[in-house]
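# Residue-level structural notes
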Amino acid sequence: MSWLVLLIIVAVVVVLTVKDIRMNIITRPVFQWFKKALPPLSETERDAMEAGDIWWDGELFRGNPDWKTLHQYATTKLSSEERDFIDNQVNTLCAMLNDDEITKNQDMSDEVWQYLKDEGFFALIIPKEHGGREFSALANSTIVAKIATKSLSAAVTVMVPNSLGPAELLLHYGTLDQQNYWLPKLASGEALPCFALTGPNAGSDAGAIPDTGIVCKGEFEGKEVLGLRLNWSKRYITLAPKATVLGLAFKMFDPDGLLGTRKNIGITCALIPTDHPGVNTGDRHKPMNMGFLNGTTSGEDVFIPLEWIIGGEVQAGNGWRMLVECLSAGRGISLPALSTATGHLSARTSGAYAALRQQFGVSIGEFEGIQEALARIGGLTYQLEATRILTATAIDQKLSPSVITAIAKYHMTEMGRQTINDALDIHAGKGIQMGPNNYLASCYMGTPVSITVEGANILTRNLMIFGQGAIRCHPYVIDEMVAAGMEDGEKGVKEFDPLLCQHMLYSATNGVMTFVHSLTRSYFASAPVGGATMHYYRYLSRFSRALAFCSDIAMLRFGGELKRKEMLSARLGDVLSHLYLASAVLKRYEDEGHQHADLPFVQYSVERSLYLCAKALDEFINNVGGLAIRALLRLIVFPLGIHFKMPKDEVVKSVARHMTQVGVVRERLTHLCMVDENNGTAVLEEALEAQHKAASAYKALNKLKRDKEIRGLTVIELIEDAKGKDKISNEQYTLLTHAEELRQRVIAVDVFAPGEI
C-alpha cells in the first residue's frame, strides 16, 4: 500500500514539474475549457471591467492582506483653507437654509442660489487656475455631508456639479480649448451644469441607450461644418430644469464613413449649451417630494459641431469608459457623504431624544429595545465615517478604485437607510409629523434617492461588486483571459501555462490556510497590533483567505455562467465588502490614537461585519453545488462550525450609553451634524445639556417621589409640589423647571391651523 501511495505522489510530481507532460495533460485541456468558459462580455461590460484602479480591495481579495500597508496609507487631512471654508462659508450657508421652506417651494431661494455661485460651492473640484476651489476629495465629502444634515436638497444641489458631470469629464478628458472656455464659467456659476445619461428605456444598461448622434454635415454659425445630428430623450436628470450647459451621452454612428471606416463608433459624450436650438429642458420630476431640481431633457434633430464632443473627435466612442472611470466621484464621494450625514444626524438626534423622552416614568433610552436601535445607529455611524474617510483617501491619491467605490455606494447607502429607519422608530410620533421642527423627515424621504441613483443598489450588489472584483482583483484571471483570447492559440497556451501553475498554487495555498485558520480560531494569522483589536485583524485575514478560495471554486464550478449566478456572486461580494468596511473601522481607530471610549463602537461595527462575512459564506456554501462540493467547502471553511455572532448585549448597552450622554464621545461621533435653531436640533441640544446639569436635582426629585413625600401627575407638578414643601432648593428648582420646559419643547410637534397645511 505504501508503494502505491509513493507511486501516486511521484506521478503527480512528474505531471506537475515536467513541462511537456504538464502541457499535454493539464494545461491544454484547461486552456480549451477556459476559452469556452469565458463569459461573453459586451463592449460596455468590458469597458467597466477594465476601468479604474485596484487598491486595498486587491489585498483583501487575494487572501493575505498586508495590514501594515493599510496603516501606512496617508489619510487625507483637511487643509487650513478647507477648514476655513467649512467653518465660514458652509456654516453661513447652513444658517441660510430652511429645509421646510425648500420642500414647500420645491426650490431654494434666489439668495441661496446666488450665495452658492458667489462662494464657489459649484467649483470644489475645479483647479484654481480656472477660478475653482481645487479642494480634496475629503473636503468635498465633508462639505456635502455637513450641508446634508441641514438640507438634503441643498446638499444634492451642491454635490452634482462636483460629481459625475461636465466639470469632472472636462478635467480628465476635455481639450485645452474646452477646459479654458467652460471651466471658468462653471467655477463662477455663470454656467450651471447637468449630465444626461439615464433614459426611459436605459437605466443601468448603458448599452441600451437609444439616443443617437449621426455624423453628417450641417450649418453652424453660418458655415457648413462636420458635426452630429442628435436625437435624445432623457429623464431623472438632476439640475436639468435650471442647467445652462448639458452633458449628454449618446450612441454615435457614422453611416456614410465621413470620419473613417467605423460605422458604429460607440457611446460618446458631448457638451451642449441648453439655449442651443432644439434643446429642451425645464420639465420637472418630484423625487420623493424633495426640493432639489430634477427633470427631463430631450432634443430632436439637434445639430452640433464635432468639437463639442468632450475631448474632441479623438474621444468619440470612448464615452462609456470616460463615465465609468469618473464614477468614483459619485460613488466614492457624494453618495457616501449623504449616507454619512444621515448617520451623524440620526445618531445625534436619536441619542438626545432617547435621553429626554420619557415613558412609564423613565427615559426611553433605558429600555433595552431602544438601546438595541441606538447601538445600530451608533455602530453604523462610526463605520460610515471610517469608510467615508478611507474611500476619500484613495481618491485623493489620484486613484479611481471602481470596486471600492461600488462597495461604498451600496453598503453606505444601505447603512444610512438602516440608521434613519431606526431613528424614526425611536422618535415614533415625533418623527412622522411634518413641519419646521421635524429634523428627520427630509432625510428619511430622500434616502431612496441615494439608493436608486448611480446604479440601483440591487444592480450594484448583485452584478458589480463581485463581478468586477473577481476579475479586477484576482492576481491571475485577467492575464489568463488575455492569453485565452490570443489569435495564435499555441502562443496563448504557452502564456497560459505558467499562469495556470501559479494559479493552482495560489488556490491550494488559500485552501490550506483557510482550513488552518478555521481550526486554530485564526491564532496564527497575522495582526499588526496587539491589544483589544488584534483578534479582529486575524479573523479578517481568515475570511480573506476563505473569500479567495471560494471565489476560485465558484469560477471553476460555473465559469462564464457565474455572472448569471447573481445571488451567489452577491454573497461573495458581501464578504469582500465587509472586509473593506471592517478594515476602514480598524484604520480609523489606529489613526485616531486608540480612543478608548470609542472601543465599543469599534467592537460593534467590526463584530457585525465579521458576523455578516460568516453568514454570507455559509449561504454561499449552502447553494454552490451538490452535496460533495458543499461538504468539502464546509470542511475547509467552517470545520468547527460558525462561532461569529452579533455584538454582545454589554457592547450594545455601552454604545447606547455613550450616545445618550453629553460628552466628547458623542461630539466625536456626530461632529458633522449641524445644530440649528430653525429645525429643532438646537433646542434638542439645549435640553440635553440642561438635563445633564440638572441630573442631581432629578435624582433628588425621583427619591422624593419614591418616598411619597411629593405628589403630581406630571414632572412639572412634582417640581412645584417639592418647591412648595421646601423639599428642593431654589437652585434645584431653577435647574429642574428650565430643563423640563426645554424637554417639553423637544417632545412637542408642529401643529397647523385649518387652511395652513
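Summarised in this report is the structure supplied together with it. (Residues numbered from 1 in each chain as written. Predicted model: local features only at pLDDT ≥ 70, side-chain atom pairs only at ≥ 80, totals over all residues. Heavy atoms only, no water.)

## Some words on the overall build of the protein chain
Helix and strand counts for the protein chain come out as 30 helices and 9 strands. In terms of C-alpha radius of gyration, the protein chain reaches 29 Å, essentially the compact-globule figure of 27 Å for 757 residues. With respect to the principal axes defined by its C-alpha atoms, the protein chain has extents near 100 × 90 × 45 Å. The buried share of the protein chain, taken over its 757 residues, is 56%. For the protein chain, the proportion of contacts with a sequence separation of at least 24, taken over those separated by at least 6, is 76%. For the protein chain, the exposed surface amounts to about 31,800 Å²; the carbon and sulfur share of it is 53%. (Helix = DSSP H or I, 4+ residues; strand = E, 2+ residues; numbered from the N terminus. Rg over C-alpha atoms; globule rule 2.2 N^0.38 Å. Buried < 20%, exposed > 50% of the residue type's maximum accessible area, 1.4 Å probe, protein only. Contact = heavy atoms within 4.5 Å. Areas by Shrake-Rupley, 256 points an atom, 1.4 Å probe, with all protein chains shown as cover.)

## Observations concerning a nonpolar patch on the surface
Together, Phe515, Leu519, Leu632, Leu635 and Leu640 give the surface a local cluster of nonpolar side chains, amounting to about 450 Å² of exposed area. Given the relative accessible area of 46%, Leu632 is considered partly exposed. (Patch = residues over 30% accessible without salt bridge, like charges linked within 9 Å, V, L, I, M, F, W, Y side chains within 5 Å. Salt bridge = Lys/Arg side-chain N within 4 Å of Asp/Glu carboxyl O.)

## Regarding unusual backbone geometry
Of note in this structure, Met288 is not a glycine but carries a positive phi near 50°. Assignment of secondary structure puts Met288 in the loop between β6 (279–284) and β7 (294–305).

## Focus on the nonpolar core
With 125 residues, the main nonpolar core has Trp56, Ile426, Phe543, Leu617 and Phe620 as its most contacted residues. For this core, the element with the most residues is helix α21 (residues 534–558), which contributes 13 residues. Apart from residues no more than four positions distant in its own chain, Leu617 is found in contact with Phe543, Ala546, Cys550, Leu572, Val575, Val637 and Phe638. Core analysis: the second largest hydrophobic core is formed by 74 residues, Ile237, Phe292, Ile389 and Met674 among them. (Core = buried A, V, L, I, M, F, W, Y, C linked by side-chain atoms within 4.5 Å.)

## Some remarks on the pattern of salt bridges
A complete count under the given rule lists 25 salt bridges for this structure. We note a salt bridge from Glu667 to Arg348, for which the minimum N-O separation is 2.9 Å. In this pair, Glu667 sits in helix α26 (residues 664–669) while Arg348 sits in helix α13 (residues 319–356), placing the two residues 319 residues apart along the sequence. Since its relative accessible area comes to 38%, Glu667 is described here as partly exposed. Under the relative-accessibility criterion, Arg348 is labelled buried at 6%. Linking Glu740 and Arg743 is a salt bridge whose minimum nitrogen-to-oxygen distance equals 2.5 Å. A residue pair is termed a helical-turn pair when its members lie 3 or 4 positions apart in one helix, as Glu740 and Arg743 do in helix α30 (residues 730–747) at 3 residues. Across the pair, Arg743 and Glu740 agree in class, each one buried.

## Details of the layout of surface pockets
To find leftover empty space, one rolls a probe the size of a water molecule over the atoms. Here the second largest pocket is characterised by a volume of approximately 940 Å³. For the lining of the second largest pocket, the secondary-structure elements that each account for two or more residues are α13, β9 (362–363), α25 (649–659), α27 (681–693), α28 (695–706), α29 (715–724) and α30. Counting residues per element, the lining of the second largest pocket draws most heavily on α28, which supplies 8 residues. Here the lining of the second largest pocket is composed, by residue class, of 13 nonpolar, 14 polar and 8 charged. (1 Å grid on protein atoms, 1.4 Å probe; cavity = no way out; pocket = protein on both sides within 12 Å on 5 of 7 lines; lining within 4 Å. Points joined across faces, edges and corners; volume = space filled by probe spheres on them. Nonpolar A, V, L, I, M, F, W, Y, C, P; charged D, E, K, R; others polar.)

## Thoughts on the pairing of β7
Relative to β7, strand β3 (residues 223–238) is paired through 9 bridges, and the arrangement is antiparallel. In the sheet register, Ser233 faces β7, and the bridge partner there is Ser298. Relative to β7, β6 is paired through 4 bridges, and the arrangement is antiparallel. Residue pairing in the sheet places Asn280 in a bridge with Ser298 of β7. (Pairing = 2+ DSSP bridges.)

## Some remarks on the packing of α21 against helix α23 (residues 599–623)
For the pair α21 and α23, the least separation of the axes is 11 Å and the interaxial angle reads 25°. One way to sum up the angle between α21 and α23 is to call them roughly parallel. Note that α21 runs across α23; the crossing there is left-handed. Contacts from Tyr536, Tyr539, Leu540, Phe543, Ala546, Cys550 and Ala554 in α21 reach Gln603, Val606, Glu607, Leu610, Cys613, Ala614, Leu617 and Phe620 in α23. The class makeup of the residues in the contact of α21 with α23 is 13 nonpolar, 1 polar and 1 charged. (Axes fitted to C-alpha atoms, helices over the stretch in contact; angles between N-to-C directions. Parallel < 35°, antiparallel > 145°, perpendicular 65-115°, else oblique. Left-handed = near helix turned anticlockwise from the far one by under 90°.)

## Overview of empty space enclosed by the protein
Enumeration over the complete set of coordinates arrives at 2 cavities of 30 Å³ or more. By volume, the largest cavity amounts to about 60 Å³. Forming the walls of the largest cavity are Leu152, Leu338, Ser339, Thr342, Thr413, Gly416, Arg417, Cys443, Gly446, Thr447, Ser450 and Ile451. Where the lining of the largest cavity is concerned, the elements lending two or more residues are α13, α15 (402–427) and α17 (441–452). No other element matches α17, which puts 5 residues into the lining of the largest cavity.

## What about the packing of helix α14 (residues 368–396) against α25?
Contact geometry of α14 with α25 gives a least axis separation of 8 Å together with a crossing angle of 80°. Classified by the angle their axes make, α14 and α25 are roughly perpendicular. Seen from α14, the contacting residues are Glu368, Gln371, Glu372, Leu374, Ala375, Ile377, Gly378 and Gly379; seen from α25, they are Val652, Lys653, Val655, Ala656 and Met659.

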